[in-house]
Amino acid sequence: LQTRFSPALGERAAAIFTRLTGGRYNKVLLNRSMSPSAQQAEQLTPREAEQLSQGAADQLYLAVRLAICEMVLPASQSVPILLDDALVNFDDERMASALDYLLDLARRHQILLFTCQKREGEYLRWAYPQRFRMAQAAVTANHNAGPIHICFTKGIIPDFRSGKNQRFHITRTP
């Protein structure tokens, strides 16, 4: 597994991590225990995840998880990808980069992003106003967008139309 899967996984994770970090990092390496490290474009030595900021480390772990999904999940089937509070430690810039990437990935997989924050939905409505609308319990893509849903996991969700909060309840989305 290490010799066959690790190099390909590192390359795919590096491509995702490079995009998530705006080119700041260009290499992802996996050691024998499959723990990731990242190398900045201008540096000669990689940094282990523990040496990165919390946001950068979370970006690295997200890149590795998404790379695994892309490599393992069958391309012929649209298998959903579930992420629970995956962006919680990201600053706004990191969050925006991750959501932009997830929108691209949503062309091939349904993405279910559970979050306790409202900023993900606010960003999607701001950045992609023609593609996203607020549903009762989730930001749901319209027919022209990819299959991505942002589900609020706390007991109260924001109602962007009235500016008030509503009690959370799950509704089935098409």
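Preceding this paragraph is the structure being described.
Residues numbered from 1 in each chain as written. Predicted model: local features only at pLDDT ≥ 70, side-chain atom pairs only at ≥ 80, totals over all residues. Heavy atoms only, no water.

Colleague: Could you clarify how one ought to interpret helix α2 (residues 54-72) in this entry?
Modeller: Along an α-helix, a turn takes 3.6 residues, which lines up residues three or four apart on a common side. The end-to-end C-alpha separation of α2 is 27 Å, in line with the 27 Å expected for 19 residues at 1.5 Å each. All of the buried residues in α2 are Gly 55, Ala 56, Ala 57, Asp 58, Gln 59, Leu 60, Leu 62, Ala 63, Val 64, Leu 66, Ala 67 and Glu 70. (Helix = DSSP H or I, 4+ residues; strand = E, 2+ residues; numbered from the N terminus. Expected span 1.5 Å × (residues − 1). Buried < 20%, exposed > 50% of the residue type's maximum accessible area, 1.4 Å probe, protein only.)

Colleague: Help me understand the pattern of salt bridges, please; the structure alone is not making it clear to me.
Modeller: A side chain of one charge can pair with a side chain of the opposite charge when the charged atoms of the two come close. One pass over the full model with this rule turns up seven salt bridges. Notably, a salt bridge pairs Asp 92 with Arg 119, separated by 2.9 Å at the nearest N-O pair. Taken together, the residues Asp 92 in helix α3 (residues 92-105) and Arg 119 in helix α4 (residues 119-127) connect sequence positions 27 residues apart. Judged by relative accessible area, Asp 92 falls into the exposed class, the value being 52%. Salt bridges sharing partners connect three or more residues here, namely Arg 12, Glu 70 and Arg 108. (Salt bridge = Lys/Arg side-chain N within 4 Å of Asp/Glu carboxyl O.)

Colleague: How should the nonpolar core be read in this particular structure?
Modeller: For soluble globular proteins, the rule of thumb is that nonpolar side chains tend to be buried together. Ranked by size, the top nonpolar core spans 38 residues in total, and within it Leu 60, Leu 62, Leu 66, Leu 83, Leu 87, Leu 99 and Leu 102 carry the most contacts. Counting residues per element, the ones that place at least two in this core are α1 (2-20), β1 (25-30), α2, β4 (81-84), α3, β5 (111-115) and α4. (Core = buried A, V, L, I, M, F, W, Y, C linked by side-chain atoms within 4.5 Å.)

Colleague: What is the right way to look at the pairing of β1 in this model?
Modeller: Consecutive residues of a regular strand have side chains that alternate between opposite faces of the sheet. Taken together, the five bridges between β1 and strand β2 (residues 36-40) define a ladder with antiparallel strand orientation. Bridging from a neighbouring strand, Lys 27 pairs with Gln 39 of β2. A loop of five residues connects β1 with β2, the two strands running antiparallel in sequence, and Met 34 in this loop sits at a positive phi of about 70 degrees. (Pairing = 2+ DSSP bridges.)

Colleague: Looking at this structure, I do not really get the sheet that holds β2. What am I missing?
Modeller: The strands making up a sheet associate through hydrogen bonds between their backbones, and the pairing can be parallel or antiparallel. Strand order in this open sheet of three strands is β1-β2-β3, and the pairing throughout is antiparallel. Only two strands of the sheet have a single partner each, and these edge strands are β1 and β3 (47-48). Sheet strands touched by α2: β1 and β2. Its angle to β2, the strand with the most contacts, is close to 115 degrees. (Contact = heavy atoms within 4.5 Å. Axes fitted to C-alpha atoms, helices over the stretch in contact; angles between N-to-C directions.)

Colleague: I would appreciate a short explanation of a nonpolar patch on the surface in the present structure.
Modeller: Where nonpolar side chains cluster on the molecular surface, the patch consists of Ile 68, Met 71 and Val 72 and spans about 230 Å² of accessible area. Judged by its relative accessible area of 32%, Met 71 falls in the partly exposed class. (Patch = residues over 30% accessible without salt bridge, like charges linked within 9 Å, V, L, I, M, F, W, Y side chains within 5 Å. Areas by Shrake-Rupley, 256 points an atom, 1.4 Å probe, with all protein chains shown as cover.)

Colleague: Can you help me understand the packing of aromatic side chains in this one?
Modeller: Each aromatic ring pair is summarised here by two numbers: the centre-to-centre distance and the angle between the ring planes. Taken as a whole, this structure holds three aromatic pairs when the rule is applied. With 5.0 Å between their ring centres and 35 degrees between their planes, Phe 17 and Tyr 25 make a pair best called tilted. The burial state of Phe 17 is the same as that of Tyr 25; both residues are buried. For the pair Tyr 123 and Trp 126, a centre-to-centre distance of 6.1 Å together with 45 degrees between the ring planes defines the contact as tilted. With a gap of three residues between them, Tyr 123 and Trp 126 both fall in helix α4, about one helical turn apart. (Phe/Tyr/Trp six-rings, centres within 6.5 Å; stacked < 30°, edge-to-face > 60°.)

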